[in-house]
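Below are the chains, spelled out letter by letter.
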Amino acid sequence: PSLNAEARLEVWVENIASIIYCSRMNPTPLLRRMDPQEYRHYSAFSFASFAKESSLASGEPFDAVRARFGSPPEVPDDRDLWFVIDLGGKTIGFIWIQLLAQPGHAFGYEIQLDEAYRGQGIGRQVMLVGQKVLRDHEIHKLQICVFATNAPARALYASLGFREVKFKPEKKQFTLEIDIPPATE
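> Got a sec to walk through the overall build of the chain? Specific residues and values, please.
The secondary structure content of the chain amounts to five helices and seven strands. Start at the N end of the chain and walk to the C end: the helices and strands fall as α-β-α-α-β-β-β-α-β-α-β-β. In the chain, which comprises 185 residues, the proportion classed as buried is 36%. Counting contacts in the chain only where the partners sit at least 6 residues apart, residues at least 24 apart contribute 57% of the total. As displayed, the chain has an accessible area near 11700 Å², and 57% of this comes from carbon and sulfur atoms.

> I'd like to hear about the packing of aromatic side chains, residue by residue, with values.
Counted under the stated rule, the structure contains twelve aromatic pairs. These aromatic residues form a ring-pair network of at least three members: Tyr-39, Tyr-42, Phe-45, Phe-47, Trp-82, Phe-94, Trp-96, Phe-107 and Tyr-109. Between the NZ or CZ atom of Arg-33 and the centre of the ring of Phe-83, over which it lies, the distance is 5.4 Å.

> Describe in detail unusual backbone geometry, supporting the description with residues and values.
A positive phi angle is found at Glu-138, which is not glycine, with a value near 60°. Residue placement: Glu-138 occurs in the loop between α4 (122-136) and β5 (141-147).

> Mind laying out the confidence of the model for the chain, listing which residues take part and the relevant values?
For the chain, the mean per-residue pLDDT works out to 85, and 85% of the residues sit at or above 70. Residue range residues 17-24 is modelled with pLDDT below 50. Its contacts to residues more than four positions away, or to other chains, number zero contacts.

> Just give me the short version of the side chain of Asp-86, but keep the residues and values in it.
Its location among the elements puts Asp-86 in strand β2 (residues 80-87). Of note is the side chain of Asp-86, whose polar atom sits 2.8 Å from the side chain of Thr-91. Residues contacting Asp-86, with those up to four places away along its chain left out, are Thr-28, Pro-29, Leu-30, Arg-32 and Thr-91.

> So what's going on with the nonpolar core? Residues and values would help.
Leu-142, Tyr-157 and Phe-162 are the most contacted members of the largest nonpolar core, which has 29 residues in total. Those elements that provide at least two residues to this core are β2, β3 (90-99), β4 (105-113), α4, β5, α5 (151-160) and β7 (173-179). For this core, the element with the highest residue contribution is α4, accounting for five residues. In contact with Tyr-157, other than residues within four places in its own chain, are Ile-111, Met-127, Ile-144, Val-146, Phe-162 and Leu-176.

> Please give an account of the environment of Ala-148 that cites residues and values.
Residue position: Ala-148 is located in the loop between β5 and α5. Ala-148 sits in the partly exposed class, given a relative accessible area of 24%. For the pair Ala-148 and Phe-167, spaced 19 residues apart in sequence, the C-alpha separation works out to 8.9 Å. Leave out the neighbours within four places in its chain, and Ala-148 touches Arg-154, Phe-167, Lys-172, Gln-173 and Phe-174.

Rules used throughout
- Note on numbering: residues in each chain are counted from 1, in written sequence order.
- Selection of residues for local features in this predicted model requires a pLDDT of at least 70, selection of side-chain atom pairs for listing and counting requires 80 or more, and totals for whole chains, interfaces and linings are taken over all residues.
- In computing side-chain properties, one takes all heavy atoms of the structure into account and sets aside hydrogens as well as water.
- Strands are runs of DSSP state E lasting at least two residues, helices are runs of H or I lasting at least four, and both sets are numbered from the N terminus onward.
- Between buried and exposed lies partly exposed: a residue is buried under 20% and exposed over 50% of the maximum accessible area for its type, with that area taken using a 1.4 Å probe on protein chains only.
- Contacts between residues were defined by any pair of non-hydrogen atoms, one from each residue, lying within 4.5 Å.
- Here the open area of atoms and residues is found with the Shrake-Rupley method and a 1.4 Å probe, where only the protein chains shown may cover a residue.
- Stacked, tilted and edge-to-face pairs are distinguished by plane angle, under 30 degrees for stacked and over 60 for edge-to-face with tilted covering the rest, among Phe, Tyr and Trp rings (Trp via its six-membered ring) whose centres lie within 6.5 Å.
- Counted as over-ring charges are cases with an Arg CZ or a Lys NZ within 6 Å of the ring centre that also lie within 35 degrees of the ring normal.
- A score between 0 and 100, pLDDT records how confident the predictor is in each residue.
- What qualifies as a polar contact is a pair of N or O atoms within 3.5 Å, subject to a donor-acceptor requirement within protein and to the restriction that residues adjacent in sequence count only when both atoms come from side chains.
- The criterion is simple. A nonpolar core is a set of buried Ala, Val, Leu, Ile, Met, Phe, Trp, Tyr and Cys residues joined through side-chain atoms within 4.5 Å.

The following block contains the structure:
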């Protein structure tokens, strides 16, 4: 049976209210370019975090790894894309991607979400939003590395279509790759 105009309006209002409620409860993460202060903070965090993971994976002492890596540059390279991840007006993490010399290729150095936001599908949303950013930079292939011990990240990347292209046993680290699909109109 067909609904009268008043009933259709009521259904429409309920649907809109549901959409608004869901978007407030599950806002889409936004990627915003970092300001210089954010860059200094997150690049220092990224270098220290990578040194720690490398030390744990290789068994090499942390201080030795840290000394070998040095410290991050004061300003990002022109090929570096550093973004903070904002969710509902709150900064919850960051992404670091480098555009490679080979046209259309990039390397994702880091995606980091605050602990409280992990395991909720936000990382997946960030990766999908990030694909648009990559398309805007005419990137069609992205590589990332992930330590073998990071099972949650490996599962997420596999579910997004990343494939393993290399394994470095000495670092216990996988190199993964994905083709960035073209935008659909």
